[in-house]
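Letter by letter, the chains look like this.
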Number of protein chains: 2
Amino acid sequence: MIAKSMESYVKGSSAIRAMFEEGGRLAKIYGKENVYDFSLGNPNVEPPEEIRQSIIDILQSEEPTFVHGYMNNAGYEDVRNAIAQHLNKQHGTQYTERNILMTAGAAGGLNVILKTLIDPEDEVIVFAPYFGEYRSYAANYGAELVVIPPNLPTFQPDLKKLAESITAKTKALIINSPNNPTGVIYSEETIKKIAEILTEKEKEFAADIYVISDEPYRELVYDGAVVPYIPQYYKNTVIGYSYSKSLSLPGERIGYLVMPDELSDFDDIVSGATTANRILGFVNAPSIMQRAVARCINSSVNIDVYNKNREALYNGLIEMGYECAKPEGAFYLFVKSPIEDEAEFCDMAKEHRVLIVPGSSFACPGYVRMAYCVSYDTITGALPQMQEVMNEIKSSRNEKQ
Amino acid sequence: MIAKSMESYVKGSSAIRAMFEEGGRLAKIYGKENVYDFSLGNPNVEPPEEIRQSIIDILQSEEPTFVHGYMNNAGYEDVRNAIAQHLNKQHGTQYTERNILMTAGAAGGLNVILKTLIDPEDEVIVFAPYFGEYRSYAANYGAELVVIPPNLPTFQPDLKKLAESITAKTKALIINSPNNPTGVIYSEETIKKIAEILTEKEKEFAADIYVISDEPYRELVYDGAVVPYIPQYYKNTVIGYSYSKSLSLPGERIGYLVMPDELSDFDDIVSGATTANRILGFVNAPSIMQRAVARCINSSVNIDVYNKNREALYNGLIEMGYECAKPEGAFYLFVKSPIEDEAEFCDMAKEHRVLIVPGSSFACPGYVRMAYCVSYDTITGALPQMQEVMNEIKSSRNEKQ
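Cut-offs applied
Residues numbered from 1 in each chain as written. Chains lettered and ligands numbered in written order. Predicted model: local features only at pLDDT ≥ 70, side-chain atom pairs only at ≥ 80, totals over all residues. Heavy atoms only, no water. UniProt positions renumbered as here; feature names shortened; annotations may be inferred. Helix = DSSP H or I, 4+ residues; strand = E, 2+ residues; numbered from the N terminus. Contact = heavy atoms within 4.5 Å. Buried area = accessible area lost by both parts, 1.4 Å probe. Salt bridge = Lys/Arg side-chain N within 4 Å of Asp/Glu carboxyl O. Nonpolar A, V, L, I, M, F, W, Y, C, P; charged D, E, K, R; others polar. Pairing = 2+ DSSP bridges. Axes fitted to C-alpha atoms, helices over the stretch in contact; angles between N-to-C directions. Left-handed = near helix turned anticlockwise from the far one by under 90°. Domains from an automatic or database assignment.

An unreviewed UniProt entry annotates chain A as Aminotransferase originating from Aminipila luticellarii. Recorded in UniProt for chain A, the comment headed Sequence similarities (unreviewed entry) runs: "Belongs to the class-I pyridoxal-phosphate-dependent aminotransferase family." The UniProt entry for chain A carries this comment under Cofactor (unreviewed entry): "pyridoxal 5'-phosphate".

**Student:** Now, about the UniProt feature "domain: Aminotransferase class I/classII large" (unreviewed entry) in chain A: what can you tell me, with residues and values included?
**Tutor:** With numbering aligned to this structure, UniProt lists the feature "domain: Aminotransferase class I/classII large" (unreviewed entry) at residues 34-379 of chain A. Secondary structure across residues 34-379 of chain A comprises 39% helix and 15% strand; the distance between its end C-alpha atoms is 11 Å.

**Student:** Run through the interface of chain A and chain B, naming residues and quoting values.
**Tutor:** How big an interface is tends to be reported as the loss of accessible area on association of its parts. Taken residue by residue, the interface counts 76 residues in chain A and 76 residues in chain B. Across the interface of chain A and chain B, roughly 6,100 Å² is buried in total on both sides, 54% from carbon and sulfur atoms. Looking only at chain A, the three residues that lose the most surface to chain B are A:Met1, A:His68 and A:Tyr70, adding up to 12% of its buried area. Between the two partners, chain A and chain B, sit 4 salt bridges. The partner of B:Arg278 in a salt bridge is A:Glu133, with the nearest N and O atoms 2.9 Å apart. Per-element accounting of the side of chain A that touches chain B gives the leading share, 8 residues, to helix α11 (residues 266-279) of chain A. Among the residues forming the side of chain A that touches chain B, the class breakdown is 34 nonpolar, 25 polar and 17 charged.

**Student:** Please give an account of the sheet that holds strand β7 (residues 237-242) of chain A that cites residues and values.
**Tutor:** To summarise the sheet geometry, strands pair through backbone hydrogen bonds and adopt either a parallel or an antiparallel arrangement. All names here are of chain A. The strand order across the open sheet formed by 7 strands is β2-β8-β7-β6-β5-β3-β4, and the pairing between neighbours is mixed. Strands with a single pairing partner mark the edges of an open sheet, and in this sheet they are β2 (100-103) and β4 (144-148). The mean angle between the axes of side-by-side strands here comes to 20 degrees, regardless of whether they run parallel or antiparallel. For β7 and strand β8 (residues 255-258), the ladder comprises 4 bridges, and the chain directions are antiparallel. Across the sheet, Tyr-241 pairs through a bridge with Tyr-256, a residue of β8.

**Student:** Describe the packing of helix α5 (residues 77-91) of chain A against helix α12 (residues 287-295) of chain A, and please don't skip the residues or the numbers.
**Tutor:** Residue and element names in this part refer to chain A. Between α5 and α12, whose axes approach to 9 Å, the crossing angle comes to 35 degrees. Here α5 and α12 pass one another in a crossing that is left-handed. Where α5 abuts α12, its residues Asp-78, Val-79 and Ala-82 lie against Gln-290, Arg-291 and Ala-294. Looking at the contact of α5 with α12 residue by residue, the class counts come to 3 nonpolar, 1 polar and 2 charged.

**Student:** So what's going on with the domain arrangement of chain A? Which residues, and what values?
**Tutor:** Residue and element names in this part refer to chain A. When its domains are assigned, chain A resolves into domain 1 (4-47 + 301-393) and domain 2 (49-295). Just the C-alpha atoms count here: the centres of domain 1 and domain 2 sit 26 Å apart. Listed as interface residues are 29 residues of domain 1 and, on the opposing side, 35 residues of domain 2. Counting each side, the surface lost to burial between domain 1 and domain 2 is near 2,500 Å², with a carbon and sulfur contribution of 61%. Run the count over domain 1 and domain 2 and you get 1 salt bridge.

Okay, here's the thing in structure tokens:
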């Protein structure tokens, strides 16, 4: 008998993953090139060549028992220091290795900081639409997830509802900007107001409320858009970063937490997070990838590829009559379903070999997510199919009239 | 404010890690070569050369978005299949990739299977002495850890007490053989009797009791000793394996779970564990290391180095009058403290620049652990120091008489 807490997972399984496997099945029938899979955020842009070269250099020049061995659970000091210096240049901060903890991607980092902060029955707030895994991460530590409904059509968070939702039990607010699934960047004005609200509520309840900023898409922004650096607006901010997207290394599980000195109970949080990294079973972030990313601190993937996809897919869909907020970052388009039931819309698209994810997976029914980290051929192949889907919907509407 | 559950960790911190840092401090004062650090199980033997060559080959011949990308949360199918075939050859089993789940080392694997199986207030049994992290792992899922006291001086588990300790709440028994901290291998007779007891108790309580076999030291055995393969004796066995020691890759966090077909609720356990790998934040085991270990399936580190250390340290200490069960596996010596308070003994050793860990960290006071995964010079340098410690203890005894 498995644990009761796991039964619903086993029954339900993740909609995104199910779609991923459906893609494999359809590809076997129709050929891979005739299935247009927008279901998974698995980067199709190659990691920068420096990654390959760095790993080879490390293997050829550094001592193997050091490269593959245990280090401090927080990560190699020189690696953490290199990241601290890099952030200092970008944001004018004064971090040292003390402020950085290497993690198994942002998913690992988020679990580490939640384990560090959360007591059972604490409340963790998220803005819908949100990455569905947050619900599981909060549940891992017994937290209650409090969902602020989506603010349509801009997807900038609903701040009035935020203020109303904070209680004495609120321990953290998860922010994810650039956002999965919308691609929207929360504006500086939004961040300032969030900071004001939280500061006021911290006083009202005489308690700390931490922002956990999940930033795997920080570097994936278009048209010169700026992502506000939240610690500059709100002191109780912990950042979870990942190289999964910025260096196309999602399988390697490498990222870090930033814990600024200004955090309330900074020492305890650093010590707690380092311990949490160990006792959750991560022990430490994978060692050779720690050393590799430190050598590639100024590298990035070619986001022009994503931008080209974004323009083609967004413009194509808008011309057909689909509605969508134009994403400023990440590699997702969050499209309004032309029919009420977006799961039915996803099924129609699947009939046309286009795989997309229902917005219900992100607590935002009536919308669908298209991950455009795919080949350009997938975009150009999918657009005529999406046109056909729209045609079918329109003719069905006409029949009803 | 950090979580209440983390406060004791932050206060207490791990004794092993504290010792590790003490080692660094003493090394700065006396020089690294004059500090004899037996505190940490960090392999000093180099990974086999094939590891280096495999990683370079992979980087030069496989597609980067595949090598560093997401795969099924359970791991690459070809990697899992290669491991299944390898185990089939060794143990005459009939595993396929379905039976293997790639994990972030054994620590990751143990957390995954505990998350899958454990409901709050379930009981998990361990035999003392045991790896102290088991207490944290069980606590992560709200389980009660039930400790069977050590069976001195052989350290074969106390089976009468095992039978008495099993209740309707018992969900799992963790077995770790070759054992950390004793180096003892549980005999075939022991395993057979454990299987009998568990089978009887499963009937008595009409419930499944799972053995979780933590096997990072399976390959590190001496004098031709044989480690019984537990699934051959007891069907409800899940194995947690790690390449940390067998390939000297502890920092890389790579290992796997074996979930045999014979498990009660096999499908649910596989599905649950795959989901647990994702939602705990591991997502998947580090991708390039998955591909590397599959290419090095028949490789192993040179354990002659450990064996030479074992003989020299064991024989040296026995000659001085220390008492110790001769380890058949792993790279630990579990030495009886010549004075009642083993923490005081550790302090005396530290005065002589020998760093060892008190048995209390393994629920076995009165003993100390020496990890002999160190250079031979560390052994030969430490022995005269341990002689002096023994001399001091003896002369102090004489003074008292």
